[in-house]
Amino acid sequence: MYDIVGKRNWYFALSALLTIPGLIFVLLGGLKPSVDFTGGTVWEVRFASQPAPDAIQAAFAELGYSDAEVRTASDGYVEIRTEPIDLIPPGGPVSAPLPSGSALIEPSPAASAGLEGSPAPVPSEAVAPLPSPSVNEEPSTGTELAEVEAALVDQFGAAETRSLRTVGPIIGAELIRGSIILIVIGELFILAYLWIRFGFRYGTAAIVALLHDVVVVVGIFAILGYFFGMEFDALFVTALLTIIGFSVHDTIVVFDRIRENRVRHANEPFGAIVNHSILQTLGRSINTSLTVVVTLGALLLLGPATIRTFSLALLIGVVSGTYSSIFNASQILVAWHEWDAKRKARAGGRAVKPLSR
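In this report, the structure presented in the accompanying data block is examined. Note that the coordinates shown come from a computational prediction; the quantities given were computed from them, not determined experimentally.

Right, let's talk about the packing of helix α7 (residues 200–228) against helix α8 (residues 234–264) for a bit. Put simply, α7 and α8 touch, their axes get as near as 9 Å, and they point 145° apart. In this structure, the crossing between α7 and α8 has a hand that is right-handed. Seen from α7, the contacting residues are Y202, A205, A206, L210, D213, V214, V217, V218 and F221; seen from α8, they are F236, L240, I243, I244, S247, V248, T251, F255, I258 and R262. A per-class count over the contact of α7 with α8 returns 15 nonpolar, 2 polar and 2 charged.

The following block contains the structure:
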């Protein structure tokens, strides 16, 4: 019988190698949030003259957008990121001040109730028009983005837009806050459930393994962001929540078998019971994970670019979750049990120590 538990120090060392570099790159600022979190306008466009990104960035600087970032995308397109353009001011549309001497005329009660009869005509100068809301998907004539596009077309030729997205800073801040709350609440509910179902040690060991999976995914994205500029979007949070559920599901299967075997093999050491339980569930855990990995690999290679971040994060998390359920959570239980047994043995030895003559 293969001794998995006896090599737990090697598994802990491997987990350290997987998590510590990622944490270092997180501290170095490797995590690159997308416009979903930071707010701004992201515009993928292709110009007829195929200008270099530096030329486009210089043109944006001349138009007053000195913070614009331009980089090559694919198929001749460039990705332009600037501060939010064409957004409604905070608080919604604001009425322009009325001309002096004019008053805002309320509609007649009959008109408000939808009754027959036309209300008295209202002079056009009596009511100031409200600014029309801007549309973020496509630039319309007269908007700020349309003016920017017109200036760029004059300089670089016809423009072909592939995608255009604008997110305000308030929405980005709310998304960050909501994401943190979701992850924390999910962790707390899982911890409470495991404490009730299995006990304090089991629940704590499962949460440590779960945090290991989250750190691995976040760390790898920090490394990819530091070296390749990869960004994470709102779907990344969805992937993390899915990873949390998948990892705990696998861990519960192993813990259930450990609990059953403790009754069947009450006279065996705890480490041997855990080793039996891991070997009995190993095939099921790996087969389940492989089916998910194959599907996610197909999505990553053949799926649309819009879900590539989600697919990659989920793929890393599923592999890490399977590893941590088998080689981390259960090994933490064994290490904790042996440490507690040694502590009690030392305390008992001190209690029965004979008195010196």
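As a further point, take the pairing of strand β2 (residues 40–47). Summarising burial for β2: 7 of the 8 residues are buried, a large majority. Of the strand pairs in this sheet, β2 and strand β5 (residues 159–167) are connected by 8 bridges, and their pairing is antiparallel. For W43, the partnering residue across the bridge sits in β5 and is L164. Bridging between β2 and strand β4 (residues 78–82) involves 5 bridges; their strand directions are antiparallel. Along β4, the bridge assignment pairs V42 with R81.

All told, the structure shown has 15 aromatic pairs when counted by the stated rule. Ring geometry for Y11 against F327: centres 4.7 Å apart, planes inclined by 50°, an arrangement best described as tilted. Here F327 lies in helix α10 (residues 308–351) and Y11 lies in helix α1 (residues 8–27), a separation of 316 residues in the sequence. The buried category is assigned to Y11, whose relative accessible area is 12%. Judged by centre distance (5.2 Å) and plane angle (50°), the ring pair of F37 and F232 falls under tilted. Residue F37 is found in helix α2 (residues 35–38), and its partner F232 is found in strand β6 (residues 231–232); the two are separated by 195 residues along the sequence. F37 sits in the buried class, given a relative accessible area of 8%. Linked through ring pairs, F37, F221, F232 and F236 together constitute an aromatic cluster. Above the plane of the ring of Y77 lies R162, whose end atom (NZ or CZ) is 4.2 Å from the centre.

This brings us to a nonpolar patch on the surface. On the surface, I20, I24, L28, Y226, F227 and F228 cluster together into a nonpolar patch covering about 680 Å² of accessible area. Mapped onto the nonpolar patch, the elements with two or more residues apiece are α1 and α7. Positionally, Y226 belongs in helix α7.

Right, let's talk about the environment of V42 for a bit. Mapped onto the secondary structure, V42 falls in strand β2. Considered as a pair, V42 and P84 are 42 residues apart in the sequence and their alpha carbons are 8.7 Å apart.

Once that is clear, we can look at the nonpolar core. The biggest cluster of nonpolar side chains holds 50 residues, and the ones touching the most others in it are V217, F221, F236, F255 and I258. The set of elements that each furnish at least two residues to this core consists of α6 (169–197), α7, α8, α9 (270–302) and α10. The biggest single contributor to this core is α10, with 14 residues. With sequence-adjacent residues up to four places away left out, F236 is seen in contact with V217, V218, F221, T309 and A313.

This next bit is on the sheet that holds β4. The sheet built from 4 strands is open, its strands ordered β3-β4-β2-β5 with antiparallel pairing. With one partner strand each, in any of the chains shown, β3 (69–72) and β5 form the two edges of the open sheet. For this sheet the average axis-to-axis angle between neighbouring strands, irrespective of direction, equals 15°.

This part is about unusual backbone geometry. For Q50, which is not glycine, the phi torsion reads 50° and is therefore positive. Mapped onto the fold, Q50 is located in the loop between β2 and α3 (53–62). On the basis of relative accessibility, which here comes to 46%, the residue Q50 falls in the partly exposed class.

The next point concerns the environment of S163. Inspection of the secondary structure assignment puts S163 in strand β5. Taking relative accessible area as the criterion, S163 reaches 32% and is therefore assigned partly exposed. Along the primary structure S163 and E79 are separated by 84 residues, whereas in three dimensions their C-alpha atoms are 9.2 Å apart.

The subject of this paragraph is the packing of α1 against α7. The geometry of α1 relative to α7 is characterised by a closest axis approach of 7 Å and an angle of 50° between their N-to-C directions. Classified by the angle their axes make, α1 and α7 are oblique. Classified by chirality, the crossing of α7 by α1 is left-handed. Contacts between α1 and α7 involve S15, L18, T19, G22, L23, F25 and V26 on the former and, on the latter, H212, V215, V216, V218, G219, A222, I223, Y226 and F227.

Parameters and conventions
Residues numbered from 1 in each chain as written. Predicted model: local features only at pLDDT ≥ 70, side-chain atom pairs only at ≥ 80, totals over all residues. Heavy atoms only, no water. Axes fitted to C-alpha atoms, helices over the stretch in contact; angles between N-to-C directions. Helix = DSSP H or I, 4+ residues; strand = E, 2+ residues; numbered from the N terminus. Left-handed = near helix turned anticlockwise from the far one by under 90°. Contact = heavy atoms within 4.5 Å. Nonpolar A, V, L, I, M, F, W, Y, C, P; charged D, E, K, R; others polar. Buried < 20%, exposed > 50% of the residue type's maximum accessible area, 1.4 Å probe, protein only. Pairing = 2+ DSSP bridges. Phe/Tyr/Trp six-rings, centres within 6.5 Å; stacked < 30°, edge-to-face > 60°. Lys NZ or Arg CZ within 6 Å of the ring centre and 35° of its normal. Patch = residues over 30% accessible without salt bridge, like charges linked within 9 Å, V, L, I, M, F, W, Y side chains within 5 Å. Areas by Shrake-Rupley, 256 points an atom, 1.4 Å probe, with all protein chains shown as cover. Salt bridge = Lys/Arg side-chain N within 4 Å of Asp/Glu carboxyl O. Core = buried A, V, L, I, M, F, W, Y, C linked by side-chain atoms within 4.5 Å. Parallel < 35°, antiparallel > 145°, perpendicular 65-115°, else oblique.

These results come straight from atomic positions and should not be treated as a statement about function.
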